[in-house]
Amino acid sequence: MTFKDLGVIDPILKALEAKGYTHPTPIQEQSIPILLNRKDLLGCAQTGTGKTAAFAIPIIQHLYNDSQNNQGRRRKVKALVVTPTRELAIQIADNFTAYGKFTGVRNTVIFGGVAQGPQKSALRNGVDVIVATPGRLLDLMGQGFVSLRDIEYFVLDEADHMLDMGFIHDIRKLITHLPNKRQSLFFSATMPKAFIKFALTSRI
Ligand code: AMP
């Protein structure tokens, strides 16, 4: 099985080749066709399995294809990835940059504990994808710098850690700002009962 067999488009294949990825990992082989088909997904995967590419590649592909049909329109934030820590947020954003480097799909990363200025400027310049930790994202939304009104792809990464770290209220609040019509992807290393209940009641 190759990435091409999974239906991945040329500009992304070129970037994967540049990264030296020859074959998809099992989570990529299972998730990419489902996500390219615009289905929701509840994925059980540890870090190190290639799960970031499993969700980033289909999102970049959708955004690239959409951009080909909407040339010249103003960029809107269409994908949101929420993750518990700044380190993970940076890593995920770096992956979006690497896999999307021949597509023109732009991302930015938002997390707390640093000055807000550069994050606000990046948002003003226009991005397609935001990778964020919940607190700072809600803060910038409250100030009017981010709107989730046009989100079509929503990823909750390390969802079990989010719940353990007490982010449940923030996540619930974020979800109320998302359009009902969206693709939702939840990834978690474990599937505790509380998490499954949360996923089900959060419409996935
Ligand atoms: P992740 O589970 O997303 O943290 O990915 C773990 C590591 O595997 C990262 O360093 C990725 O760059 C790398 N990786 C992801 N997919 C592949 C692949 N298909 N082939 C080789 N390495 C990969």
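Remember, it's a predicted structure, so these values are computed and weren't measured experimentally. (Residues numbered from 1 in each chain as written. Predicted model: local features only at pLDDT ≥ 70, side-chain atom pairs only at ≥ 80, totals over all residues. Heavy atoms only, no water.)

Novice: Even after reading the chapter, I still don't get the packing of helix α6 (residues 134–142) against helix α8 (residues 168–176), so can you show me in this structure?
Specialist: The description of two packed helices rests on the angle between their axes and on the distance between the axes. For the pair α6 and α8, interaxial distance at closest approach is 10 Å and the crossing angle is 40°. With respect to α8, the element α6 is oriented oblique. Crossing of α6 over α8 shows left-handed handedness. Counted together, Pro134, Gly135, Leu137, Leu138 and Met141 of α6 and Asp170, Ile171, Lys173 and Leu174 of α8 form the full contact between these two elements. Of the residues contributing to the contact of α6 with α8, the split by class is six nonpolar, one polar and two charged. (Axes fitted to C-alpha atoms, helices over the stretch in contact; angles between N-to-C directions. Helix = DSSP H or I, 4+ residues; strand = E, 2+ residues; numbered from the N terminus. Parallel < 35°, antiparallel > 145°, perpendicular 65-115°, else oblique. Left-handed = near helix turned anticlockwise from the far one by under 90°. Contact = heavy atoms within 4.5 Å. Nonpolar A, V, L, I, M, F, W, Y, C, P; charged D, E, K, R; others polar.)

Novice: Would you take a moment to explain the nonpolar core for this structure?
Specialist: Note that soluble globular proteins tend to have their nonpolar side chains buried in a common cluster. In this structure, Val8, Phe55, Ile57, Ile59 and Phe96 are the most contacted members of the largest nonpolar core, which totals 36 residues. Breaking this core down by element, the ones donating at least two residues are α1 (10–19), α2 (26–36), α3 (51–69), β2 (79–82), α4 (86–99), β4 (129–132), β5 (153–156) and β6 (183–188). Broken down by element, the residue count for this core peaks at nine residues, all from α3. Excluding residues that lie within four positions of it along the chain, Phe55 makes contacts with Leu35, Val81, Ile92, Phe96, Val155, Asp157, Leu185 and Phe187. Among the nonpolar cores identified, the runner-up in size contains 28 residues, and Leu80, Ile110, Val127 and Phe198 belong to it. (Core = buried A, V, L, I, M, F, W, Y, C linked by side-chain atoms within 4.5 Å. Buried < 20%, exposed > 50% of the residue type's maximum accessible area, 1.4 Å probe, protein only.)

Novice: Even after reading the chapter, I still don't get the pairing of strand β1 (residues 41–44), so can you show me in this structure?
Specialist: Along any regular strand the residues' side chains alternate between the sheet's two faces. Going residue by residue along β1, you find Leu41 and Gly43 tucked away on one face and Leu42 and Cys44 left uncovered on the opposite face. Two elements, β1 and β6, share four bridges in a ladder whose sense is parallel. Across the sheet, Cys44 pairs through a bridge with Ser188, a residue of β6. (Pairing = 2+ DSSP bridges.)

Novice: Looking at this model, I keep getting lost on α4. Mind explaining?
Specialist: In an α-helix there are 3.6 residues to a turn, and that puts residues three or four apart on one side. For α4, with 14 residues, the first-to-last C-alpha span of 20 Å sits near the 20 Å given by 1.5 Å per residue. Taken together, the buried positions of α4 are occupied by Leu88, Ala89, Ile92, Ala93, Asn95, Phe96, Ala98 and Tyr99. In this structure, the buried side of α4 is in contact with α1, α3, β2, β3 (107–110) and β4. (Expected span 1.5 Å × (residues − 1).)

Novice: Would you mind going over the site of the ligand with me for this structure?
Specialist: Lining the immediate environment of the ligand, one finds Phe3, Tyr21, His23, Pro24, Thr25, Gln28, Thr47, Gly48, Thr49, Gly50, Lys51 and Thr52. One of the side-chain N or O atoms of Gln28 is found 2.7 Å from a nitrogen atom in the ligand. Within the backbone of Lys51, one N or O atom sits 3.4 Å away from an oxygen atom of the ligand. For the ligand, whose free accessible area comes to 500 Å², the fraction covered by protein is 70%. Taken together, the residues of the shell around the ligand sort by class into three nonpolar, eight polar and one charged. (Near = heavy atom within 4 Å. Polar contact = N/O pair within 3.5 Å; in protein donor to acceptor, adjacent residues only side chain to side chain. Areas by Shrake-Rupley, 256 points an atom, 1.4 Å probe, with all protein chains shown as cover.)

None of this, on its own, says anything about what the molecule does.
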